[in-house]
Amino acid sequence: MKKVVKFGGSSLASAEQFRKVGQIIHADEGRRYVVPSAPGKRFPADVKVTDLLYQCYALAERDEDFSEILERIQSRYREIIDGLELPLSLDYEFSIIRDQFRAKAGKEYAASRGEFLNGIIMARYLGFEFIDAADVIIFDERGMFLEEATNERLEERLKYSEQAVIPGFYGATEDGVVKTFSRGGSDVTGSIVARAIHATMYENWTDVSGFLVADPRVVRNPQIIDTITYKELRELSYMGATVLHEDAIFPVRQEGIPINIRNTNHPEDPGTMIVKTTCKKPRFIITGIAGKKGFVCINIEKDMMNSEIGFGRKVLEAFEKSGISFEHMPSGIDTMSVIVHQDEFEANEQRVLAQIQATACPDAIDMETDLALIAVVGRGMKENRGIAARIFAALAHANINVKMIDQGSSELNIIIGVRNRKFEEAIRAIYDIFVTSQL
């Protein structure tokens, strides 16, 4: 067994958390490759180290004194090192960071130092080799991740390393300029490492015991998903579910490597298994519910639209020219609707509408604003009749008007549009009909 284990910021926020992580790693000899995040919050009012680094570098950019915040960051690491009773000093590393900040090495360099320093501590604590992600995770000059080049280099480098710590979140160009993934990118690093070593499992350790059927901020004590497929997770992540960075799916998906979401504070919990495919039947008809607010639906009408070749292209071209991507495009015989993010659309509203009018010559255009989209996702929906009817019934019972519905051809998900103000109510109503009523 070869496992990659990634630990989030809350799992590495203090010496006490480090000890839990150490016990987890040593409990399974297959856990040989570790991807740490930067220290997160120790308590609700605390500040993440990455945020402190951003604050520190902002002062450096303005040529202001940043020594106080840098010392605050250093004391966080010193506290962890002393708590673990490690014979380790990071004074040299912090002197380099100080010089690089003064030289204005860039925000991405600044942000990456949290993982870099935590990686050094983790490697010393475990007795593993430390491999700087800047040496093995490759970006081009524009900040685009080079997947295949990285896989080749990382595969070759780890061929000779039985146990290693590779910090998450960042890499570098061939010239050594540090580049980062988006926030939460340590998940992506773990996935990249798992692909490179052909891992049997990628364990992602966080502060929850798996992927939840619904957002716990909306639904009280939602159930945990036992098993979910990559496709289902992709749908839920795209619609706002945030346990795992959505880009972390792709490297392991290519290799068919399962991901196990686990809880550092409750390592006995089995968590959620994310797999390519499975014959396991889901506990409930649906796998999960997720959604986002802030959409606008542009409704376009034209008689005989269906017989006019190129009509859809003309409409979408108006959005493309303004740099707006569409989310969904439900249509009828003489109607077509384009759903986009409202904040992106508002800045270019009149330009888009004018181009649609000029090129597509519709009979009418109207808009529905302040919409929320909710995705109901589940491989079990394909085998059950009347899913859409049950969703409509649940929402009608809660006095919620459905503004839009769109079902993918895979029958894996159904997208429902409701007013922003009804978003939370709608999710609770759907959860109740498919989950609470089945318990």
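Predicted, not measured: the structure shown is a model, and the values here were computed from it.

Conventions adopted
- Residues numbered from 1 in each chain as written.
- Predicted model: local features only at pLDDT ≥ 70, side-chain atom pairs only at ≥ 80, totals over all residues.
- Heavy atoms only, no water.
- Helix = DSSP H or I, 4+ residues; strand = E, 2+ residues; numbered from the N terminus.
- Rg over C-alpha atoms; globule rule 2.2 N^0.38 Å.
- Buried < 20%, exposed > 50% of the residue type's maximum accessible area, 1.4 Å probe, protein only.
- Areas by Shrake-Rupley, 256 points an atom, 1.4 Å probe, with all protein chains shown as cover.
- Lys, Arg positive; Asp, Glu negative; His and termini not counted.
- Charge placed at Lys NZ, Arg CZ, Asp CG, Glu CD.
- Salt bridge = Lys/Arg side-chain N within 4 Å of Asp/Glu carboxyl O.
- Pairing = 2+ DSSP bridges.
- Phe/Tyr/Trp six-rings, centres within 6.5 Å; stacked < 30°, edge-to-face > 60°.

1. Overview of the overall build of the chain
Phase 1 of the analysis: When helices and strands are tallied, the chain shows 14 helices and 15 strands.
Phase 2 of the analysis: Whereas a compact globule of 439 residues would reach a radius of gyration of roughly 22 Å, the chain reaches 24 Å, a difference of no more than 12%.
Phase 3 of the analysis: In terms of principal-axis extent, the alpha carbons of the chain reach across some 75 × 50 × 40 Å.
Phase 4 of the analysis: When burial is assessed residue by residue, the chain has 53% of its 439 residues classed as buried.
Phase 5 of the analysis: When the accessible surface of the chain is summed, it comes to about 20100 Å², and 48% of that surface belongs to carbon and sulfur atoms.
Phase 6 of the analysis: Distance between charge centroids for the chain: 4 Å, based on 53 positive and 65 negative side chains.

2. A closer look at the pattern of salt bridges
Phase 1 of the analysis: Counted by the stated rule, this structure contains 30 salt bridges.
Phase 2 of the analysis: Salt-bridge contacts for Asp 63 lead to Lys 104; the nearest nitrogen and oxygen are separated by 2.6 Å. In this pair, Asp 63 sits in the loop between α2 (49-61) and α3 (67-84) while Lys 104 sits in the loop between α4 (91-102) and α5 (107-126), placing the two residues 41 residues apart along the sequence.
Phase 3 of the analysis: What makes Lys 104 partly exposed here is its relative accessible area of 35%.

3. Some words on the pairing of strand β7 (residues 201-206)
Phase 1 of the analysis: With respect to burial, β7 is a largely interior element, six of its six residues being buried.
Phase 2 of the analysis: The side-chain alternation of β7 yields two buried faces, one formed by Met 201, Glu 203 and Trp 205 and the other by Tyr 202, Asn 204 and Thr 206.
Phase 3 of the analysis: Sheet topology places β7 next to strand β9 (residues 259-263); five bridges connect them, and they run parallel. Within β9, the position partnered with Trp 205 by the bridge is Arg 262.

4. Some details on the packing of aromatic side chains
Phase 1 of the analysis: Within the structure shown, the criterion is met by eleven aromatic pairs.
Phase 2 of the analysis: Judged by centre distance (6.4 Å) and plane angle (75°), the rings of Phe 18 and Tyr 125 are edge-to-face. Here Phe 18, found in helix α1 (residues 15-26), pairs with Tyr 125, found in helix α5; they are 107 residues apart in sequence, far enough to count as distant.
Phase 3 of the analysis: Centroid distance Phe 145 to Phe 181: 5.4 Å. Interplanar angle 65°. Geometry classified as edge-to-face. Highlighted residues: Phe 145 in the loop between β3 (129-130) and α6 (147-158) and Phe 181 in the loop between β6 (178-180) and α7 (186-196), separated in sequence by 36 residues.
Phase 4 of the analysis: Phe 145 gets classed as partly exposed once you look at its relative accessible area, which sits at 24%.
Phase 5 of the analysis: By the ring-pair criterion, three or more aromatic residues cluster together here, those being Tyr 57, Phe 66, Phe 101 and Tyr 109.

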